[in-house]
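Structural characterization, general
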Amino acid sequence: MKSLINGSVLCVVLGMATVAGAQEAAAPAAESVKAPSADAIRETWNYFYKGQGQGPVLVEAKLCTDVAKDGPNKYECTAEVGPEGVKANTNVMLWQSYLVPQGDSIDDITVQVKQGTTVRETKDVKVKGEGWRARQWTGVRLPKAGNWTVAVMRGDQVLKEVSVTVTGK
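Rules and cut-offs
- Along every chain, residues carry numbers that run from 1 in the direction the sequence is written.
- Residues qualify for local features only when their pLDDT is at least 70, as the model is predicted, and side-chain atom pairs are given and counted only at 80 or more; totals for whole chains, interfaces and linings, by contrast, use all residues.
- Only hydrogens and water are set aside when side-chain values are computed; all heavy atoms of the structure are taken into account.
- Helical segments are the DSSP runs of H or I of at least four residues, strand segments are the runs of E of at least two, and each set is numbered from the N terminus.
- Only heavy atoms matter for contacts: two residues are in contact if any of them lie within 4.5 Å across the pair.
- Each nonpolar core is a collection of buried residues, namely Ala, Val, Leu, Ile, Met, Phe, Trp, Tyr and Cys, held together in the definition by side-chain atoms within 4.5 Å.
- Only protein chains enter the accessibility calculation, which uses a 1.4 Å probe; a residue is then buried when its area is under 20% of its type maximum, exposed when over 50%, and partly exposed in between.
- Put simply, a salt bridge is a Lys or Arg side-chain nitrogen that is within 4 Å of an Asp or Glu carboxyl oxygen.
- Cysteine sulfur atoms that pair up within 2.5 Å are treated as a disulfide.
- Between any two strands, pairing holds if DSSP finds at least two bridges.

A look at the side chain of Ser 97
If you trace the backbone, Ser 97 turns up in strand β4 (residues 92-99). In contact with Ser 97, other than residues within four places in its own chain, are Val 57, Leu 58, Val 59, Glu 60, Arg 133, Ala 134 and Arg 135.

Some details on the nonpolar core
Ranked by internal contacts, the top residues of the largest apolar core, which has 25 residues, are Leu 63, Leu 94, Tyr 98, Val 127 and Leu 142. For this core, the element with the most residues is strand β5 (residues 105-115), which contributes four residues. If we ignore the near neighbours within four places in the chain, the residues touching Tyr 98 are Pro 56, Val 57, Leu 58, Val 59, Ile 109, Val 125, Val 127, Trp 132, Arg 133, Ala 134 and Val 152. With six residues, the next largest nonpolar core counts Phe 48, Val 57, Val 59 and Trp 132 among its residues.

Some words on the pattern of salt bridges
For the structure shown, the criterion picks out six salt bridges. Put simply, Asp 39 and Arg 42 hold a salt bridge, and the shortest N to O gap is 2.7 Å. In this pair, Asp 39 and Arg 42 are both assigned in helix α2 (residues 38-50), three residues apart and thus about one turn of the helix distant. Assessed through its relative accessible area of 44%, Arg 42 is described here as partly exposed. Put simply, Glu 76, Arg 133 and Arg 135 are held in one network by salt bridges that share partners.

Side note on the state of the cysteines
Disulfides are covalent bonds that connect the sulfur atoms of two cysteines. Applying the stated rule across the entire model yields one disulfide. Across the disulfide, Cys 64 is cross-linked to Cys 77 (sulfur-sulfur distance 1.9 Å). Across the disulfide from Cys 64 to Cys 77, rotation about the S-S bond amounts to roughly -120°, and the bridge is consequently left-handed. Here the residue Cys 64 occupies a position in strand β1 (residues 57-67), and Cys 77 occupies one in strand β2 (residues 77-80), the gap between them amounting to 13 residues. With relative accessibility at 0%, the residue Cys 64 sits in the buried group.

Here's the deal with the pairing of strand β8 (residues 146-154)
Examined bridge by bridge, β5 and β8 share seven bridges and lie antiparallel to one another. Along β8, the bridge assignment pairs Lys 114 with Thr 149. The pairing of β8 with strand β9 (residues 157-167) spans nine bridges and is antiparallel. Among the inter-strand pairings, Trp 148 is bridged to a residue of β9, identified as Val 164. Joining the antiparallel neighbours β8 and β9 is a turn of two residues, in which Gly 155 adopts a positive phi near 65°.

A word on the environment of Val 152
Tracing the backbone through its elements, the reader meets Val 152 in strand β8. The spacing of Val 152 and Gln 112 is 40 residues in sequence and 6.5 Å in space, taken between C-alpha atoms. The residues contacting Val 152, other than those within four sequence positions of it, are Leu 58, Ala 61, Leu 94, Gln 96, Tyr 98, Ile 109, Thr 110, Gln 157, Val 158, Leu 159 and Lys 160.

Topic: the environment of Ser 105
Residue placement: Ser 105 occurs in strand β5. Sequence separation between Ser 105 and Glu 130 is 25 residues, and the spatial gap between their C-alpha atoms is 8.9 Å. If we ignore the near neighbours within four places in the chain, the residues touching Ser 105 are Val 127 and Lys 128.

Points about the sheet that holds strand β3 (residues 86-87)
The mixed open sheet is built from five strands, whose spatial order is β3-β9-β8-β5-β6. Across the chains shown, the open sheet's two edge strands, defined by having one partner strand only, are β3 and β6 (118-128).

Below, the structure written as structure tokens:
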């Protein structure tokens, strides 16, 4: 049931981006999205308005080299790290989008950066249920060549892992 709710929430949050409220920029006119089912919308409304205390739903997480600060893509990842990876010491952010029940404040999320199996950095993330999407981008350091993993965690639970290859300078 949880995976059904998470899938439905993902569908609704992405499908409702254009009506997400004042904190959201309008979606580009050329973008076409499939309308979610009425049941998916109802489940999302119920979670947002009545799901206090159940925690956040991580909808999306990706490594980016740029997040727009203004314009029609404000607070969106505008330059995602591709499969080729990045050069060592490139400024990288883990961009995250959550659905948080209205009024909740979540402060037990962390972003963990690992090179191979060695944890190199851990950062705290805080999100609030103030609108349909709570977006956060966390700067991470990838100083050495090799295979890296950036994970979003809540306690010991891994919500999402993103792998990236870092090449020499």
